[in-house]
Amino acid sequence: MGDEARGLSEDVVDVLVVGAGFGGMYALHKLRGLGFSVRVLERGHGVGGTWYWNRYPGARCDIESLEYSYSFSAELQQDWGWTQRYPTQPEMRAYAEHVADRFDLRPHITFGVAVTTAAYDEDDGCWRVGTDAGDLITARFLVLATGVLSAASVPQFPGQERFRGRIVHTGSWPEDTEVDGLRVGVVGTGSSGIQVVPHLAERAGHLSVFQRTANYSISAANQPLAPEYVRDVKARYPELREQARRSFTGSTVPINRQSALAVDQEERDRRFEERWALGGFAFLGSFDDVTRDPEANRLAARFVEDKIRAAVDDPTTAELLVPTGHPIGSRRICVDTGYHATFNLPHVRLVDVRRAPITGLTEAGLRTADGEEHPLHLLVLATGFDAMTGSFVRIDVRGRGGVTLREKWADGARTYLGLQTAGFPNLFTLTGPGSPAVLCNMFLALEQHVDWVADLLVEMRERGARTVEPTVDAEQDWSEQVARAAERTLYPQADSWYVGANVPGKPRVFLPYAGGVGKYRRICEQVVVDGYRTFVFDADLTVV
Ligand code: NA7
């Protein structure tokens, strides 16, 4: 047990929050302000959650800093100075530290302790939460702010125990990882791989990139923030934030409402070029139907594919880097700086592990099915996460009747609004499956969830209610709405972490709500206007 973890035994609080990322920190701040006693448990030794752990070289947010930040405090958003359009991981972490100090959050956070069990006590209507330090905390409400991309997906290769080099995962990058002059391999070419590769190439003696699936990546066009731009945004923050909250994607970058099929090629290319120059996700908003209509999507994809061919000198390598088999945007689009051009460097090699899969590790490196051995000192796994559900079900959460969350979600995660799941009273899953979180700006999503949960807790206090959970019907109806929203998009056509396809054995269910963040917000607001009819309250006044 770490020193920081001592003194927790037999703690009793109104609200226990798991995770001191940006969701957990805001939950702590908001609920304390409403008079609830709150404790946060965090397995890391600092705040920031995803931005605490993902320290690999080149880690950077793919949403603009002026949008990807808290809006709950007008003073904070005026005072904090972002330096670049897309914040780096160190900058995100510095921001997290600043927030923790500014709002005096640290005294209420216990670091270095992982929650391992959480059992609902039906007699007392509360949660009994256990940690890896052996502590037991009793809480009326349990808020899992454990992140949607925080449970690493780590493949086990045959022969791994023999490998004499080092293996690291991008999602928990050790600070002492040596790269300089070494033979380095990267498995995975999603957002993390695409970000880390150019940085490793600068330092490694040789770099092998093991690619199974090529992904679409848009140039970030990252740049230092111009002071006049920052001044303008800060002057209009209230209006811009509200616009983002009510938008489809959670961003203020407008979607061009024209169809890509309604204009001639010259005009289409002009629009695509314009959006390409803007950089990042804005590209998908080149036309209204890029993410919905297969033909419009193909036109956008072809434009990006030509950009890849133009960036890569060797035609064979270029063709390997051109994505096939999935519509652009149906897997999370990547945002990069110099990824494709990295393959022009003489010491960087792209290895096609779709054609010749990885068969295992040897003492000296990695072997592929064509019999080739790739000597390595360092193997970087940029292999992603058990997204949206992993961080919840890795805790042994038991609701009514001792049923675990893992059991309940065995055939696919079911929630009401991504926030609660029937049979688990007083448990809240921030940005959980069934919420739009990962399809929009995470800060906006977290603030909306925390505010909504806070309102519900205040409502319960006023009603004298002891427990709350959604009705089974409401949950069923929401699951159907989530599925229908996905069917109207091209997302389900791809094997991606959105559908759990990256985790062997995970049921294929489209996890986020794809109906738009503005619409989702309105639905949540209507639930309140309707007096929470879709929830069951237990009005027993017994207190824990
Ligand atoms: P992703 O996007 O899930 O990417 C993981 C990558 O790792 C992907 O290219 C996978 O190939 C590859 N992978 C995983 N396991 C293997 C094995 N066993 N062999 C070869 N290749 C493998 O994770 P990221 O961390 O990059 O990004 C996650 C999100 O974080 C991102 O979308 C942003 O929202 C931020 P596959 O595609 O499965 O063929």
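Preceding this section is the structure that the text describes.
Residues numbered from 1 in each chain as written. Predicted model: local features only at pLDDT ≥ 70, side-chain atom pairs only at ≥ 80, totals over all residues. Heavy atoms only, no water.

Let's shift gears to the side chain of Ser 192. Within the element layout of this structure, Ser 192 appears in helix α5 (residues 191–203). A relative accessible area of 14% means that Ser 192 is categorised as buried. Once residues lying within four places of it in the same chain are set aside, the contact partners of Ser 192 are Tyr 56, Thr 170 and Ala 382. (Helix = DSSP H or I, 4+ residues; strand = E, 2+ residues; numbered from the N terminus. Buried < 20%, exposed > 50% of the residue type's maximum accessible area, 1.4 Å probe, protein only. Contact = heavy atoms within 4.5 Å.)

On to the sheet that holds strand β14 (residues 365–368). The strand order across the open sheet formed by 3 strands is β13-β14-β15, and the pairing between neighbours is antiparallel. Each edge of the open sheet carries a strand with a single partner, namely β13 (358–361) and β15 (373–375). Between one strand and the next, the sheet's axes are offset by a mean angle of 25 degrees, whatever the strand orientation. Bridge count for β14 against β15 is 3 bridges, and the pairing is antiparallel. If you follow Leu 366 over to β15, its bridge partner there is His 374. (Pairing = 2+ DSSP bridges. Axes fitted to C-alpha atoms, helices over the stretch in contact; angles between N-to-C directions.)

Near the ligand there are 19 residues, and of these Thr 189, Ser 192, Arg 212, Thr 213 and Arg 331 occur at the shortest range. Interatomic distance of 2.6 Å between a side-chain N/O atom of Ser 192 and an oxygen atom of the ligand. Within the contact set of the ligand, an oxygen atom lies 3.0 Å away from a side-chain nitrogen or oxygen of Trp 497. Burial of the ligand by the protein amounts to 84% of the accessible area it has alone, namely 780 Å². (Near = heavy atom within 4 Å. Polar contact = N/O pair within 3.5 Å; in protein donor to acceptor, adjacent residues only side chain to side chain. Areas by Shrake-Rupley, 256 points an atom, 1.4 Å probe, with all protein chains shown as cover.)

Another point: the packing of helix α13 (residues 442–463) against helix α15 (residues 517–529). Where α13 contacts α15, the axes come no closer than 12 Å and their chain directions differ by 5 degrees. Of the possible angle classes, the one that applies to α13 and α15 is roughly parallel. Contacts between α13 and α15 involve Leu 444, Gln 448, His 449 and Trp 452 from the first element and Val 517, Tyr 520, Arg 521, Cys 524, Val 527 and Val 528 from the second. Here the residues of the contact of α13 with α15 sort into 7 nonpolar, 2 polar and 1 charged. (Parallel < 35°, antiparallel > 145°, perpendicular 65-115°, else oblique. Nonpolar A, V, L, I, M, F, W, Y, C, P; charged D, E, K, R; others polar.)

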